[in-house]
Amino acid sequence: QVQLVESGGGLVQPGGSLRLSCEASGSIYTFYAMGWYRQAPGKQRELVAGISSAGTTTYADFVKGRFTISRDNAKNTVYLQMISLKPEDTAVYYCNAHYSLWDYWGQGTQVTVSS
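What counts and what doesn't
Residues numbered from 1 in each chain as written. Predicted model: local features only at pLDDT ≥ 70, side-chain atom pairs only at ≥ 80, totals over all residues. Heavy atoms only, no water. Disulfide = S-S within 2.5 Å. Helix = DSSP H or I, 4+ residues; strand = E, 2+ residues; numbered from the N terminus. Polar contact = N/O pair within 3.5 Å; in protein donor to acceptor, adjacent residues only side chain to side chain. Salt bridge = Lys/Arg side-chain N within 4 Å of Asp/Glu carboxyl O. Buried < 20%, exposed > 50% of the residue type's maximum accessible area, 1.4 Å probe, protein only. Phe/Tyr/Trp six-rings, centres within 6.5 Å; stacked < 30°, edge-to-face > 60°.

Student: Before we go on, may I ask you to explain the state of the cysteines in this structure?
Tutor: Chemically, a disulfide is nothing more than a covalent bond linking the sulfur atoms of two cysteines. Counting across every chain of the model gives 1 disulfide. Each sulfur in the disulfide pair Cys 22 and Cys 95 lies 2.0 Å from the other. The chirality of the disulfide connecting Cys 22 with Cys 95 is left-handed, given an S-S dihedral of about -80°. Residue Cys 22 is located in strand β3 (residues 18-24), and its partner Cys 95 is located in strand β9 (residues 91-99); the two are separated by 73 residues in the primary sequence.

Here you go:
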C-alpha cells in the first residue's frame, strides 16, 4: 500500500527549469517501478519518464535530453528534473508506482510553461 504526493509544479517561463517531487507516505520498496506521466487538456495521459527497481531509466522521445528521473529510496521520493521547458510541456504531471497488480497514483501537480 503506497500513497503518493506530488509537489513542485507551478508556473515557469519557456526555457526555464523545474523539479517535481513525489513522496510516498511509506517506504517505496526497491521492487516498485516509478514513473512520471502527464496529461494535457484534450490529450491522453502519457508516460514522460520511468525508473525501474534496478534504477534503469526510460524517457519519452519528446523529453529526452531535457528531463531526468531519479529516485531516493531513503527519502521515499522520486524526482523529475526538467530543464529547457517548452509551452507544450504544460500539463498535469502525475507520479505512479507500480508492481505486479499494484498500481498507485498521486493527485497530480500542474506545470504551466508560459511567458
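Don't stop here, the text continues.
Student: Just to check I follow, could you spell out the side chain of Thr 77 for this structure?
Tutor: Tracing the backbone through its elements, the reader meets Thr 77 in strand β8 (residues 77-82). At 2.7 Å, the side chain of Thr 77 and the backbone oxygen of Lys 75 are in polar contact.

Student: Help me understand the pattern of salt bridges in this model?
Tutor: Tallied over the full model, the rule gives 4 salt bridges. Lys 64 is the salt-bridge partner of Asp 61, the closest N and O atoms lying 3.6 Å from each other. As far as burial versus exposure is concerned, Asp 61 and Lys 64 are alike and both exposed. The closest approach of N and O atoms between Asp 89 and Arg 66, which form a salt bridge, is 2.8 Å. Pair noted here: Asp 89 is in the loop between β8 and β9 and Arg 66 is in the loop between β6 (57-59) and β7 (67-72), with a separation of 23 residues, a long-range link. Accessibility classification places Asp 89 together with Arg 66 in one group, the buried group. Through salt bridges with shared partners, a single network forms among Arg 38, Glu 46, Arg 66 and Asp 89.

Student: Is there a simple way to explain the packing of aromatic side chains in this structure?
Tutor: Each aromatic ring pair is described using two quantities: the centre-to-centre distance and the angle formed by the ring planes. The full count for this structure, using the stated rule, is 6 aromatic pairs. A centroid spacing of 5.0 Å and a plane angle of 65° characterise the contact between Tyr 37 and Trp 105, whose relative ring orientation is edge-to-face. In this pair, Tyr 37 sits in strand β4 (residues 33-39) while Trp 105 sits in strand β10 (residues 102-105), placing the two residues 68 residues apart along the sequence. Look at Trp 105 and you get partly exposed, because its relative accessible area is 35%.

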